[in-house]
Amino acid sequence: MAVALTLALVGPLAWLWWSSLLPASYSAAEMGEMDLGGGPGSSSHGGHGSTSVAELSGPRTGEPDVVVDLTARQGTVRLADGEQVEGYTLDGSSPGPLVEAEVGDLVEVTLRNADVAGGVALHWHGVDVPNAEDGVAGVTQDAVAPGESHTYRWVAPDAGTYWYHSHQLSHEQVVGGLLGPLVVHPRGDRGPRDVLALAHLYAGKPTVNGRHGVEAVVADPGERVRVRVVNTDDGPTAVWAGAAYRLVAVDGTDVHRPGVVRDRAVAVPAGGRVDLELDVPADGSAVRVSLPGDVGLVIGPEGASAPEVPEPGDRVDLLTYGEPADLGLDPDRADRRFGYSIGRRPGFLDGRPGLWWSVNGRLLPDMPMFVVREGDVVRVSISNHSGTVHPMHLHGHHTVVLSRDGVAASGSPWWFDSLDVGDGHRFEVAFVADNPGIWMDHCHNLAHAREGLVTHLMYDGVTTPYRLGDDGGNVPE
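Conventions adopted
Residues numbered from 1 in each chain as written. Predicted model: local features only at pLDDT ≥ 70, side-chain atom pairs only at ≥ 80, totals over all residues. Heavy atoms only, no water. Helix = DSSP H or I, 4+ residues; strand = E, 2+ residues; numbered from the N terminus. Rg over C-alpha atoms; globule rule 2.2 N^0.38 Å. Buried < 20%, exposed > 50% of the residue type's maximum accessible area, 1.4 Å probe, protein only. Contact = heavy atoms within 4.5 Å. Polar contact = N/O pair within 3.5 Å; in protein donor to acceptor, adjacent residues only side chain to side chain. Pairing = 2+ DSSP bridges. Axes fitted to C-alpha atoms, helices over the stretch in contact; angles between N-to-C directions. Salt bridge = Lys/Arg side-chain N within 4 Å of Asp/Glu carboxyl O. Core = buried A, V, L, I, M, F, W, Y, C linked by side-chain atoms within 4.5 Å. Phe/Tyr/Trp six-rings, centres within 6.5 Å; stacked < 30°, edge-to-face > 60°. Lys NZ or Arg CZ within 6 Å of the ring centre and 35° of its normal. pLDDT = per-residue confidence, 0-100.

## What about the overall build of the protein?
For step 1, the next point in the chain: A tally of helices and strands in the protein yields three helices and 35 strands.
For step 2, the next point in the chain: Scaling as 2.2 N^0.38, a compact globule of 477 residues should have a C-alpha radius of gyration of about 23 Å, and the protein matches this with 23 Å.
For step 3, the next point in the chain: Here the C-alpha coordinates of the protein stretch approximately 85 × 55 × 50 Å along the principal axes.
For step 4, the next point in the chain: When burial is assessed residue by residue, the protein has 54% of its 477 residues classed as buried.
For step 5, the next point in the chain: Across the protein, the fraction of contacts at a sequence separation of at least 24, relative to all contacts at a separation of at least 6, is 76%.

Quick look at the structure:
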């Protein structure tokens, strides 16, 4: 009887432990259980008539308009203010060089790995590139080993503020500074002067553009500037200004008829971007744009100063900000409907006991895999009851918020690729499945993704030749 009781107790635990173990090599297309969202079933995953991720590439021929060569190294990072920390660099600096293009440009980026032992890959965060160019090790390419290189080629689809970062061991490499800014300008019209404000924590200390404290930006009295704010950290941040401004873009998408903002901050999720447009004071003084941690920009004539402005208690609510416009899709006639319920429960993750993130009650690797077909209108209900905020990021697509906690969106269409879903909140969102591939759909608190908060959006009939797991050296999170 004692043996039987022991087996009755230990047996299920042993089975849970065994079933949680990640294979040394496995395909993203074989993870978890297919969720069809009420649409037609999957027909050709891995079978006749399937399309490989490797075929879904950017143009392989043609003279590029923008050519960038980036070399990744591991070691000492010298910040803009002279401080040195341990981490990663691209072309000797962190943040890496600004990559700029115009809509329609053919962009060619060659990534070289000098000595990053774990391998590297570059993801173009927020840019809806073809799937083979997405830069996710083990899903859309193999990690680039030391001494090797990989070339990305894609046509810049949309104007906006973006960034690039490692998607191999990203929970270590992004935190360590393997990242940089990316801006796509409208064709032939760059508009107001650009000012970059890239926020990142180095060794736990806040910086803007790699500098602790305040960076001086010289601008003429009365000049209009566009401040492009990029949050490269794992948690949310905020930005505010000491003068009136307009929030003109979110995650690379223009806000429709943005109103004037005073005495309010803008929340920026992990991975998210916002563009503020403001005028330098005409009286010869400067204006300060601030982020938490006593960092920011002072914009004005050389030597001009601006008073520090405390962070406002109020936030711009993107559910109501701006004016409505046509979505270009009908979410009430969705072809697929999915639930993405984020929780936390005890169990095993790759054999380790603990309290882990779950999706629809499941733990990695038994996650739901959301299946669509090209042209589908997709509607997703994202809810969070895990105890903390999660910045959710779907690769390859921009998604629009329909409602928050049952309250319908009433302002400008709130298009995003990075969305903070707070504990106890629920968002209804929608998008058009117009970019075939296998796309990561994960929390951009990269430690959370490493701890299991990651699924994939899969197009019916698309397969990948790349393998995740230690055997192939592909560990995207």
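Still more ground to cover, so stick around.
## Here's the deal with the environment of D279
For step 1, the next point in the chain: Tracing the chain through its elements places D279 in strand β20 (residues 273-279).
For step 2, the next point in the chain: The residues touching D279, leaving out its near neighbours within four places in the chain, are E223 and R224.
For step 3, the next point in the chain: For D279, the side chain forms a polar contact with the side chain of R224, separated by 2.8 Å.

## Focus: the environment of T207
For step 1, the next point in the chain: With respect to the helices, strands and loops of the structure, T207 is situated in strand β12 (residues 205-208).
For step 2, the next point in the chain: Relative accessible area serves as the criterion here: at 2%, T207 is assigned to the buried category.
For step 3, the next point in the chain: Linking T207 and P292, residues 85 residues apart in sequence, is a C-alpha distance of 9.6 Å.
For step 4, the next point in the chain: Not counting residues up to four positions away in its chain, the partners in contact with T207 are L79, L198, A199, H200, Y202, H212 and V295.
For step 5, the next point in the chain: Of note is the side chain of T207, whose polar atom sits 2.7 Å from the backbone oxygen of H200.

## Some words on the sheet that holds strand β15 (residues 237-241)
For step 1, the next point in the chain: The sheet built from five strands is open, its strands ordered β13-β22-β21-β15-β19 with mixed pairing. Strand pairing shows two members of the sheet lacking a second neighbour, β13 (214-218) and β19 (266-268), which therefore form its edges. Put simply, the sheet's adjacent strands are angled 20 degrees from each other on average, direction ignored.
For step 2, the next point in the chain: Inspection of the sheet shows β13 paired to strand β22 (residues 295-300) by five bridges, in the parallel sense.

## Describing the pattern of salt bridges
For step 1, the next point in the chain: Per the stated rule, a full pass over the model turns up 24 salt bridges.
For step 2, the next point in the chain: Note that R228 is salt-bridged to D275, the shortest N-O span being 3.3 Å. With R228 in strand β14 (residues 224-231) and D275 in strand β20, this pair connects stretches of sequence that are 47 residues apart. Each of the two residues, R228 as well as D275, counts as buried.

## Topic: the nonpolar core
For step 1, the next point in the chain: The biggest cluster of nonpolar side chains holds 78 residues, and the ones touching the most others in it are V227, V239, L247, I299, Y340 and W414.
For step 2, the next point in the chain: Beyond its immediate chain neighbours, meaning those up to four positions away, V227 contacts V195, A197, V274, D275, L276, V289, L297 and I299.

## Remarks on the packing of aromatic side chains
The geometry of an aromatic ring pair comes down to the distance between the two centres and the angle between the two planes.
For step 1, the next point in the chain: This structure, assessed with the given rule, holds six aromatic pairs.
For step 2, the next point in the chain: Ring geometry for W124 against W154: centres 5.7 Å apart, planes inclined by 55 degrees, an arrangement best described as tilted. With a gap of 30 residues between them, W124 in strand β7 (residues 122-125) and W154 in strand β8 (residues 149-155) connect regions that are remote in the sequence.
For step 3, the next point in the chain: Among the residues examined, W124 registers a relative accessible area of 0% and is labelled buried.
For step 4, the next point in the chain: Measuring from centroid to centroid gives 5.7 Å for Y340 and F370, while their planes differ by 35 degrees, and the two rings are tilted. Here F370 lies in strand β25 (residues 368-372) and Y340 lies in strand β23 (residues 336-349), a separation of 30 residues in the sequence.
For step 5, the next point in the chain: Here the aromatic residues W124, Y152, W154 and Y164 are joined through ring pairs into a cluster of three or more.
For step 6, the next point in the chain: The lysine or arginine in question, R344, covers the ring of W357, its NZ or CZ lying 3.9 Å from the ring centre.

## What to know about the pairing of strand β16 (residues 245-250)
For step 1, the next point in the chain: For β16, the tally of buried residues reaches five of six residues, placing the bulk of the element in the interior.
For step 2, the next point in the chain: The pairing of β16 with strand β18 (residues 260-261) spans two bridges and is classified as antiparallel. Directly across from R246, in β18, lies its bridge partner V260.
For step 3, the next point in the chain: The pairing of β16 with β20 spans four bridges and is antiparallel. The partner of A249 across the bridge, within β20, is D275.

## Regarding the sheet that holds β25
For step 1, the next point in the chain: The sheet built from six strands is open, its strands ordered β1-β25-β34-β33-β27-β31 with mixed pairing. Whereas interior strands pair on both sides, the edge strands pair on one side only; in this sheet they are β1 (33-35) and β31 (418-421). Pairs of neighbouring strands in the sheet enclose a mean axial angle of 25 degrees, with direction left out of account.
For step 2, the next point in the chain: When β25 meets strand β34 (residues 454-459), the two strands line up parallel, connected through four bridges. Bridged to V372 within β34 is Y459.

## Considerations on the confidence of the model for the protein
For step 1, the next point in the chain: Mean pLDDT over the protein stands at 94; residues scoring 70 or higher make up 95%.
For step 2, the next point in the chain: Here residues 43-48 is modelled with pLDDT under 50, and outside its nearest four sequence neighbours on either side it reaches 15 contacts, counting other chains as well.

## Structural notes on the pairing of β23
For step 1, the next point in the chain: Strand direction decides the pairing type here: β23 and strand β26 (residues 377-384), joined by seven bridges, are parallel. Paired with S341 across the bridge in β26 is S383.
For step 2, the next point in the chain: In the sheet, β23 pairs with strand β24 (residues 352-359) via eight bridges, with the strands oriented antiparallel. Residue R344 lies in a different strand from β24, and its bridge partner there is W357.
For step 3, the next point in the chain: In this antiparallel pair of consecutive strands, β23 and β24, the connection spans two residues, and D350 shows a positive phi of 50 degrees.

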